[in-house]
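The chain contents come next:
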Amino acid sequence: MHENLKQQLSEVCRHDVLSWDNTCADCGEEMSTERLEEEARRSQEMERSDKSKYPTQEQHAKHIHALGVRVDWLVAFTYEHDCWNWPTRVVERDIVKPLTRESRCRYAEKSEFQDFVGPARVFLSHTWEGLWGTLVMAAVSGAREDRHVWIDIFAVRQWKFNAMVSVVCTHSVLIILLTYAQ
Ligand SMILES: [Zn+2]
């Protein structure tokens, strides 16, 4: 199922994720100069926008910390997209990327999710090839429905130009309780 899904998705690769050498991180295809220039321009635009909204490092960090998502929303998200058995890499590429392609915002910044977004109490570290459902089950384990968890593919902008994409082929999930959370 996994391999079939990967195969199907690779046929419609949108070349959204650039590797350190500016090739497509999914299929390896070379990007055009125009595309790279466009990516650099959009990336600088976002950096300027962030700097004007969050001038200090502390303001910026506070904003990012406040992009935790409620676990009941996380479960609903996973049912809605039926992505329990997808690798996290595919959730990011085929759900997070399409919805943020135009605005280049962070997924948790979308206005439609604001009732379910708030300061995180729990930080979740996941692996790119691990199953999304494993991450969700770890997030809800022993939790009240209003627990907010911090997951990078929702809280961090996924459109950074020339960002290093690291692929770690293990399947673990790490939970850290944020002791400094408000
Ligand atoms: Zn590609």
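Notes on the structure follow. (Residues numbered from 1 in each chain as written. Predicted model: local features only at pLDDT ≥ 70, side-chain atom pairs only at ≥ 80, totals over all residues.)

Observations concerning helix 5 (residues 88-100)
- Taking 1.5 Å as the rise per residue, helix 5 with 13 residues should run 18 Å; its terminal C-alpha atoms sit 17 Å apart, in good agreement.
- Inspection of helix 5 places Thr-88, Arg-89, Val-91, Glu-92, Arg-93 and Val-96 among the buried residues, and these make up the whole buried set.
- If you follow the buried residues of helix 5, they end up packed against helix 6 (132-140) and helix 7 (152-155). (Helix = DSSP H or I, 4+ residues; strand = E, 2+ residues; numbered from the N terminus. Expected span 1.5 Å × (residues − 1). Buried ≥ 20, exposed ≤ 12 C-beta atoms within 10 Å, placed from the backbone. Contact = placed C-beta atoms within 7 Å.)

Points about the pairing of strand 3 (residues 122-125)
- In the sheet, strand 3 pairs with strand 4 (residues 148-151) via three bridges, with the strands oriented parallel. Within strand 4, the residue paired with Leu-124 across the bridge is Ile-151.
- In this region the chain leaves strand 3, passes through helix 6 and returns to the parallel neighbour strand 4; the handedness of that crossover is right-handed. (Pairing = 2+ DSSP bridges. Right-handed = clockwise from strand over helix to strand, strands pointing away.)

Observations concerning helix 6
- Of the positions making up helix 6, those classed as buried are Trp-132, Leu-135, Val-136 and Ala-139. Buried residues in helix 6, looked at end-on, bunch into an arc of 100°, giving them a common side.
- Residues of helix 6 that are buried make contact with helix 4 (71-81), helix 5, strand 3 and strand 4.
- A positive backbone phi angle near 65° is found at Gly-142, which sits one or two residues after helix 6. (Arc of directions from axis to C-beta.)

Here's the deal with the environment of Leu-18
- Residue position: Leu-18 is located in the loop between helix 1 (2-10) and helix 2 (33-53).
- Classification of Leu-18 by C-beta neighbours within 10 Å gives buried; the count is 22.
- Sequence separation of Leu-18 and Leu-36 is 18 residues, and the distance between their C-alpha atoms is 9.2 Å.

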